[in-house]
Amino acid sequence: ASITSQKQAITDSIQYASRIQSAVLPTSSLLAEALPEHFVLFKPRDIVSGDFYWMTRKNEKVVLVAADCTGHGVPGAFMSMLGVSFLYEIVNKENVLQPAEILNQLRIHIKTTLSQTGKQNEQKDGMDISLCVIDQPANVLEWAGAYNSLYQIRSGELIEYKADKMPVAVHLSDSNSFTNHQIEIQHGDTFYMFSDGYTDQFGGPSNLKFMLINFKKLLLDIQTLSLKEQLKVIEQNFEDFKGNQKQVDDILVMGFKV
């Protein structure tokens, strides 16, 4: 077979895989039911993605996840499918509802399944993750993060909750628990969860990375807009900044109001 037809066969196969990947992501109607005001910007770099998001509802609580697996494309997508099924197991089957504990359990699942022992030259595949459990009746949001922080904007001010500097995978400090943050929420608070794809994008006149400082400024600048409008601005800004550069990584930005 010619190279062209081989490439076509591979592309078709990955296109089909992306339908399976999309099917495991929560539908917009499911998200809207749990969080009427929210947006998701999800832009895989290749056809399938190493970034994924996930949501489930458990006795009055909403569990929301933004994750970034090692790699993008096919290897990343394999990891993301594992991530989704492990989360389902931990939260829905084992009823673990404390964010730090969910991440601790997820790390054990990943290390065990991928036989990670920490030896040199071993694959260190895993994920960076931002995970919150929202208890709206109690006005409490609990959160834990592996490398990826959480932003809260309240009356025009950005508060950053810093993630633990370790991945959900084998790591030097993987005997440490992830940190659980408890946040009292007020009506009107907006929260943002994201992977590093947006801020790591190269572009602009000097072809530099977009950077967190500009991302924070962008979020603060759009606070008067509805979340639907915010999504448009964030996406348009990305396209303008990227210009004709290649997209560097998968992109995931989620925002929601409580």
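Scroll up for the structure.
Since we're looking at a predicted model, the values are computed, not measured.

Criteria and thresholds
Each residue is numbered by its place in its chain's sequence as written, counting from 1. Restriction of local features to residues with pLDDT of at least 70 applies here, the model being predicted, together with a cutoff of 80 or more for giving and counting side-chain atom pairs; totals for whole chains, interfaces and linings are based on all residues. With hydrogens and water stripped out, all remaining heavy atoms of the structure feed into the side-chain values. Interaxial angles span 0 to 180 degrees and are taken between N-to-C directions of axes, which are lines fitted to C-alpha atoms, for helices over the stretch in contact. Put simply, DSSP H or I for four residues or longer makes a helix, DSSP E for two residues or longer makes a strand, and each gets a number counted from the N terminus. Should an angle fall under 35 degrees it is called roughly parallel, over 145 degrees roughly antiparallel, and 65 to 115 degrees roughly perpendicular, with every other angle called oblique. By convention the crossing between two helices is left-handed if the near helix lies anticlockwise of the far one by an angle smaller than a right angle, and right-handed if it lies clockwise. By definition in these notes, contact holds between two residues if any of their heavy atoms fall within 4.5 Å. Two N or O atoms count as a polar contact when they lie within 3.5 Å, although within protein this holds only if one can serve as hydrogen donor and the other as acceptor, and sequence-adjacent residues are included solely when both atoms are side-chain atoms. Note on pairing: DSSP must find at least two bridges between two strands before they are called paired. Note on definitions: salt bridges are taken to be side-chain nitrogens of Lys or Arg within 4 Å of carboxyl oxygens of Asp or Glu. Exposed residues in this analysis have more than 50% of their type's maximum accessible area, buried residues have under 20%, and partly exposed residues fall in between, with area computed by a 1.4 Å probe over protein chains only. A pair of aromatic rings is counted whenever rings of Phe, Tyr or Trp (Trp by its six-membered ring) have centres within 6.5 Å, and the orientation is called stacked for planes under 30 degrees apart, edge-to-face for over 60 and tilted otherwise.

Next up on the list: the packing of helix α3 (residues 73–93) against helix α4 (residues 99–113). Remark: α3 packs on α4, axes separated minimally by 10 Å, with the N-to-C direction vectors making an angle of 130°. Accordingly, the angle class assigned to the pair α3 and α4 is oblique. For the element pair α3 and α4, the recorded crossing hand is right-handed. Residue-level inspection shows Leu82, Gly83, Phe86, Leu87, Glu89, Ile90 and Val91 of α3 in contact with α4, the latter providing Ile102, Gln105, Leu106, His109, Ile110 and Thr113.

On to the side chain of Ser173, then. Mapped onto the fold, Ser173 is located in the loop between β7 (157–161) and β8 (181–184). A polar atom in the side chain of Ser173 sits 2.9 Å from the side chain of His171.

Moving on to the sheet that holds strand β12 (residues 251–257). If you trace the 5 strands from one edge of the open sheet to the other, you get β1-β12-β9-β6-β7, paired in antiparallel fashion. In this open sheet, the two strands that pair with only one neighbour each are β1 (38–43) and β7. Taken over all neighbouring pairs, the strand axes of this sheet differ in orientation by 15° on average, direction set aside. Bridging between strand β6 (residues 150–154) and strand β9 (residues 190–194) involves 4 bridges; their strand directions are antiparallel.

All right, on to the pattern of salt bridges then. Counting across every chain of the model gives 11 salt bridges. Of the charged contacts, one joins Lys43 and Glu239 as a salt bridge, the two residues approaching to 3.2 Å between their closest N and O atoms. A residue pair is termed long-range when its members are at least 10 positions apart, and Lys43 in strand β1 and Glu239 in helix α6 (residues 227–242) qualify at 196 residues. With relative accessibility at 17%, the residue Lys43 sits in the buried group.

Bringing the sheet that holds β8 into the picture now. In sheet architecture, strand pairing relies on hydrogen bonds along the backbone and comes in two forms, parallel and antiparallel. Pairing within the open sheet is antiparallel, and its 5 strands lie in the order β2-β3-β4-β5-β8. Here the strands that pair on one side only, and so sit at the sheet edges, are β2 (51–58) and β8. With strand direction ignored, the average angle separating the axes of adjacent strands in the sheet is 15°. Bridge analysis of strand β3 (residues 61–69) against strand β4 (residues 127–135) gives 9 bridges, and the strand direction is antiparallel. The residue of β4 that forms the bridge with Ala67 is Ile129. Packing of α4 onto the sheet brings it into contact with β3, β4 and β5 (140–146), and relative to β4 it is tilted by some 145°.

Another aspect to go through is the packing of aromatic side chains. The tally for this structure, following the rule as stated, stands at 10 aromatic pairs. Aromatic side chains Phe191 and Phe256 sit 5.5 Å apart centroid to centroid with 20° between the ring planes, which places their arrangement in the stacked category. With a gap of 65 residues between them, Phe191 in strand β9 and Phe256 in strand β12 connect regions that are remote in the sequence. In this structure Phe191 comes out as buried when scored by relative accessible area, which is 0%.

Interpretation note: all reported values are geometric properties and have no functional meaning in isolation.
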